[in-house]
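A look at the structure
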Amino acid sequence: MDSSSAQPLSGVRVIDFTQVMLGPSATQVLADYGADVIKIERPGAGDLSRSSIPDDPDGLDNPVFRSLNRNKRSIALDLRKAEGREIIYDLVRTADVVVNNFRAGVMERMGFGYEQLSKINPRIICAFGSGFGQAGPLSHKGGQDILAQALSGVMRRKCNDDEPLTVYATALCDYTAGMHLVQAILLALLQREKTGRGQQVAVSLFESMLAMQMQEAAMWLHRGKDLSWGSYPLTGCFATTDGAVVLVGAFKANPLQDICKALELPDLSADPRYATFQGQVEHKAELQGKFRERFASNTTASWLARLDEQDLLCSPVLTLAEALGHEQTKLNGTVVTLSGGATTMALIGTPLTMAPDAFQLRRPPPALGADGTAVLTEAGFSAERIAALKAQGIVA
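Let me sum up the structure you'll find in this document. (Residues numbered from 1 in each chain as written. Predicted model: local features only at pLDDT ≥ 70, side-chain atom pairs only at ≥ 80, totals over all residues. Heavy atoms only, no water.)

1. Focus on the pattern of salt bridges
- Counting across every chain of the model gives 17 salt bridges.
- For Arg13, the salt bridge identified is with Asp36, shortest N-O distance 3.0 Å. Note that Arg13 is positioned in strand β1 (residues 13–16) and Asp36 in strand β2 (residues 36–41), a separation of 23 residues in sequence.
- Assessed through its relative accessible area of 17%, Arg13 is described here as buried.
- Between Arg93 and Asp90 there is a salt bridge; the shortest N-O distance is 2.7 Å.
- Using a relative accessible area of 46% as the deciding quantity, one classes Arg93 as partly exposed. (Salt bridge = Lys/Arg side-chain N within 4 Å of Asp/Glu carboxyl O. Helix = DSSP H or I, 4+ residues; strand = E, 2+ residues; numbered from the N terminus. Buried < 20%, exposed > 50% of the residue type's maximum accessible area, 1.4 Å probe, protein only.)

Okay, here's the thing in structure tokens:
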């Protein structure tokens, strides 16, 4: 038996209109676990992530694109022409899922909305990832990670009031919404087994960020108070002689006492100013000043050893390069290698641990339009018709 047939999503076909990160991060998960993901791209340009960050000479195969599009096939179609749109309808007839992350209403205007496609295939699941939702005052805006950070309140969340507002450097919103989109698609596939019919599912960057703040939101909605785990008085990032240490003083009967033991300080928990949590909050700057002075006197490794002796939550502050080279990363098998022609590329694999055949590296990230002939042949198009479509520029 072909090992690919043992994958959880083997036999599921996905028509993928997505680009940049929210959508492609979702469809890559589907592809990694066996789905046949057919990426619909614009002739000559393709997914914006092929060229949004300058890299290689042709601008179509940079590491950002590679990170989000393995195990997929690409067909380049001119959807401005009726013949191009008809090809989509042909593909939808045997598809299970259609995914897009355009602005609200774009798929409908192209003729690919759920109401339109479900008439062709009642079992089709249309999945939509947007910036702010399908309706409402922000639905017309283009979705973007940094905008969602700002509008959801995430950007305002700081550990210290005197810290300047800043952009979080990793695309947190795109990835979170992408994983929520995977959940929605998988749930819709399961529900289709019961009902026999598809449906429209949708997520947004904005809603995903609010959902991520469920604890903080509940505290505000129920008590009218802000909650920030990072602002707690015994938690912080402290410079050492050769780096930095993060300390989380929590989940212990008297964490301040244990911190003082590790840092070789007098037991500050016996001081009335610091004896209670509220007192520690009120004297946070003074308390952490003592910590900073001690941490600055020795190496990261030395302090981590002492903190670990007291069973305190602590970690070095690593660069991405250091994290990728960490022994834990190697043991977890997080970085995988994939051959693409003459190129071998290293990529982040799956964070899930499942049966050995569940996750597979079957295909390198596709060149723009590389699989058009194969996709159309499978759909029943003759060689002559495919040649004609290419001659007309409908298929690149």
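2. Section: the nonpolar core
- Core analysis: the largest hydrophobic core is formed by 30 residues, its most contacted members being Val14, Leu30, Leu181 and Ile185.
- Put simply, the parts of the chain that give this core at least two residues each are α1 (22–32), β4 (97–100), β5 (125–130), α7 (172–195), β6 (200–204) and α8 (205–212).
- At eight residues, α7 tops the list of elements feeding residues into this core.
- Excluding anything up to four places from it in sequence, Ile185 contacts Leu30, Val97, Val99, Ala127 and Val201.
- Among the nonpolar cores identified, the runner-up in size contains 27 residues, and Ile40, Ile88, Phe112 and Ile386 belong to it. (Core = buried A, V, L, I, M, F, W, Y, C linked by side-chain atoms within 4.5 Å. Contact = heavy atoms within 4.5 Å.)

3. Some points on the packing of α1 against α7
- Put simply, α1 and α7 touch, their axes get as near as 8 Å, and they point 45° apart. Put simply, α1 runs oblique to α7. The chirality of how α1 crosses α7 is right-handed. Counted together, Leu22, Ser25, Ala26, Val29 and Leu30 of α1 and Asp174, Ala177, Gly178, Met179, Leu181, Val182, Ile185 and Leu186 of α7 form the full contact between these two elements. (Axes fitted to C-alpha atoms, helices over the stretch in contact; angles between N-to-C directions. Parallel < 35°, antiparallel > 145°, perpendicular 65-115°, else oblique. Left-handed = near helix turned anticlockwise from the far one by under 90°.)

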